[in-house]
Amino acid sequence: MDFIIQPEYNKKTVKEFLRREINPSRKLLILAKNRENGITVNGKRVTVRYMMSCGDILSFNYEDYNETDDCDSQEHIAGNPDLLKSVDILYEDEYILAVNKPYNMPSHPSINHHGDTLANAVMAYFSQRGVKSFFRAVNRLDKNTSGIVLIAKDKMTSARLNGMIKHGEIKKTYIAVVLGDLNKLTDTGLRNINSRLSEINGTFEYDFADKTGKITAPIKRGQDSIIKRVCASDGDYSETDFKALKSNGDISVLEIYPKTGRTHQIRVHFSTIGFPIVGDDLYFCGDNYNINPKYGITRHALHAASLEFDHPILRERVNIFCEVCGDIKNIIDMA
């Protein structure tokens with residue numbers, strides 16, 4: 001990766017620049033130092049003590065590597081070219097790839113899914129393009145959630161993007177269809193929801209004028225399941241903001257902005273307040289399963305629609321969008 005040195009780094013060392021702008025791990029720095037063209041200024045190999053001038057071109061290059069903490073034994077994930085026709089490329093540069101994951105496709109290999117995952121599709125894409133990389137998904141989508149998955153092409157970009165996710169520096173927007181009409185809530189209904197949430201240190205807000213709301217409720221893994229999550233006072237802090245877009249009185253279309261990234265957060269939060277996502281067979285509450293055939297959906301109506309962030313390397317604003325289509329679009333049209 002190449003950087004044009006700006007005035008603020010005039011007469012500063014390579015080490016100062018790398019620490020402030022890239023902050024590579026010790027292992028990455030050693031890898032770069034040991035390469036012939038690992039750290040160069042204007043094409044000449046230098047040490048980290050080299051003092052740069054405004055306008056210099058600093059190149060920082062290293063061989064990508066994998067570690068035992070990279071999930072799913074990355075080096076053994078085989079590419080499956082047959083999956084490429086199902087996965088749309090939404091954005092790509094030297095450091096990042098963003099794809100549209102279809103529903104009914106797991107993101108990572110597991111016991112029951114070895115060659116039919118997004119990871120297998122991406123590894124096939126990398127192989128075709130001659131990209132030497134592993135599958136490093138920055139955001140994780142459930143098998144039946146469609147939409148944007150952001151993938152880092154190298155270890156350092158992955159670390160920086162994950163840090164941005166952790167600190168709320170990547171704005172995520174989802175589209176969901178939930179059972180019920182939030183605008184039909186009464187003052188009594190709002191009090192009842194907040195009364196239940198108060199027992200687990202949670203809150204629910206809804207502004208009827210601008211149709212925006214917020215759910216805060218801690219989330220943890222359920223005691224009797226390795227998959228299901230529950231809201232509980234001893235869980236991790238979780239916050240979900242949203243805006244109601246339209247409703248037919250039966251179902252509502254929401255734009256959702258999760259501020260934290262807990263597993264199943266959106267699904268758990270809306271189920272907890274009594275507005276479960278249509279088609280969600282894990283968190284659908286009550287006896288409302290007849291809603292699924294009525295609206296012709298066989299999975300939860302949740303779609304990752306956009307990501308907005310400052311590129312961790314290129315320092316420019318990135319906006320990635322993914323249109324809702326298929327079964328969820330059909331429901332939205334009916335709402």
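Let me sum up the structure you'll find in this document. Sequence order sets the numbering: in each chain, residues are counted from 1 along the sequence as written. The predicted origin of the model limits local features to residues at a pLDDT of at least 70 and limits the giving and counting of side-chain atom pairs to 80 or more, whereas totals for whole chains, interfaces and linings rest on all residues. To get the side-chain values, all heavy atoms of the structure are used, and hydrogens and water are removed first.

## Quick word on the sheet that holds strand E3 (residues 44-45)
Part 1 of the argument: An order of E1-E4-E2-E3 is seen for the 4 strands of this open sheet, with the pairing classed as antiparallel. Of all the strands in the sheet, just strand E1 (2-4) and E3 have a single pairing partner and so form its edges.
Part 2 of the argument: On the sheet, helix H1 (residues 14-22) packs against E1, strand E2 (39-41) and strand E4 (57-60) and is oriented at approximately 65° with respect to E4. For two strands to count as paired, DSSP must find a minimum of two bridges between them. Starting at the N terminus, helices and strands are each numbered in turn, a helix being any DSSP run of H or I of at least four residues and a strand any DSSP run of E of at least two. Whether two residues are in contact is decided by their heavy atoms, any of which lying within 4.5 Å being enough. Under this scheme, a helix contributes an axis fitted over its contacting stretch, all axes are lines through C-alpha atoms, and angles between N-to-C directions fall in the 0 to 180 degree range.

## Thoughts on the layout of surface pockets
Part 1 of the argument: A cavity here means a set of 1 Å grid points, computed over protein atoms only, where a 1.4 Å probe fits but cannot escape. A pocket is an open set with protein on both sides within 12 Å along at least 5 of 7 lines, and lining residues have an atom within 4 Å of a point. Grid points are joined across faces, edges and corners, and a volume is the space filled by probe spheres set on the points. In this structure, the largest pocket encloses a volume near 1,600 Å³.
Part 2 of the argument: In this structure, the largest pocket is lined by 45 residues; those nearest its centre are Arg-140, Leu-141, Asp-142, Thr-263 and His-264.
Part 3 of the argument: Residue assignment for the lining of the largest pocket shows that the elements contributing at least two residues are helix H4 (155-166), strand E9 (171-179), strand E15 (251-258) and helix H6 (265-272).
Part 4 of the argument: Among the residues making up the lining of the largest pocket, the classes are represented as 15 nonpolar, 17 polar and 13 charged. Classification used: nonpolar for Ala, Val, Leu, Ile, Met, Phe, Trp, Tyr, Cys and Pro, charged for Asp, Glu, Lys and Arg, polar for all others including Gly.

## Regarding the pattern of salt bridges
Part 1 of the argument: Salt bridges are counted wherever a side-chain nitrogen of Lys or Arg sits within 4 Å of a carboxyl oxygen of Asp or Glu. Applying the stated rule across the entire model yields 11 salt bridges.
Part 2 of the argument: Between Arg-129 and Glu-92 there is a salt bridge; the shortest N-O distance is 3.8 Å. In this pair, Arg-129 sits in helix H3 (residues 118-129) while Glu-92 sits in strand E5 (residues 88-92), placing the two residues 37 residues apart along the sequence.
Part 3 of the argument: Three labels apply to residues, based on accessible area from a 1.4 Å probe with only protein chains included: buried if under 20% of the type maximum, exposed if over 50%, partly exposed otherwise in between. We classify Arg-129 as exposed; its relative accessible area is 52%.
Part 4 of the argument: Given a relative accessible area of 27%, Glu-92 falls into the partly exposed group.

## Thoughts on the packing of aromatic side chains
Part 1 of the argument: Side-chain rings of Phe, Tyr and Trp (the six-membered ring for Trp) are treated as a pair once their centres are within 6.5 Å; stacked means planes under 30 degrees apart, edge-to-face means over 60, and tilted covers the remaining angles. On inspection of all chains with the given rule, the structure shows 7 aromatic pairs.
Part 2 of the argument: Judged by centre distance (6.5 Å) and plane angle (50°), the rings of Tyr-125 and Phe-126 are tilted. One exposure class covers both Tyr-125 and Phe-126, and it is buried.
Part 3 of the argument: When the centroid spacing of 6.0 Å and the interplanar angle of 10° are considered together, the rings of Tyr-206 and Phe-242 count as stacked. With a gap of 36 residues between them, Tyr-206 in strand E10 (residues 203-207) and Phe-242 in strand E14 (residues 239-247) connect regions that are remote in the sequence.

## With respect to H3
Part 1 of the argument: A helix is expected to reach a length of 1.5 Å times the quantity of its residues less one. Here H3 spans 16 Å end to end across 12 residues, near enough to the 16 Å set by a 1.5 Å rise per residue.
Part 2 of the argument: Within H3, 9 of the 12 residues are buried, leaving the element largely enclosed by the surrounding structure.
Part 3 of the argument: Those residues of H3 that fall on the buried side of the exposure criterion are Leu-118, Ala-119, Asn-120, Ala-121, Val-122, Met-123, Ala-124, Tyr-125 and Phe-126.
Part 4 of the argument: Of the surrounding elements, those touching the buried residues of H3 are E5, strand E6 (96-101) and strand E8 (146-152).
Part 5 of the argument: Gly-130, located one to two residues past H3, shows a positive phi value of around 75°.

These results come straight from atomic positions and should not be treated as a statement about function.
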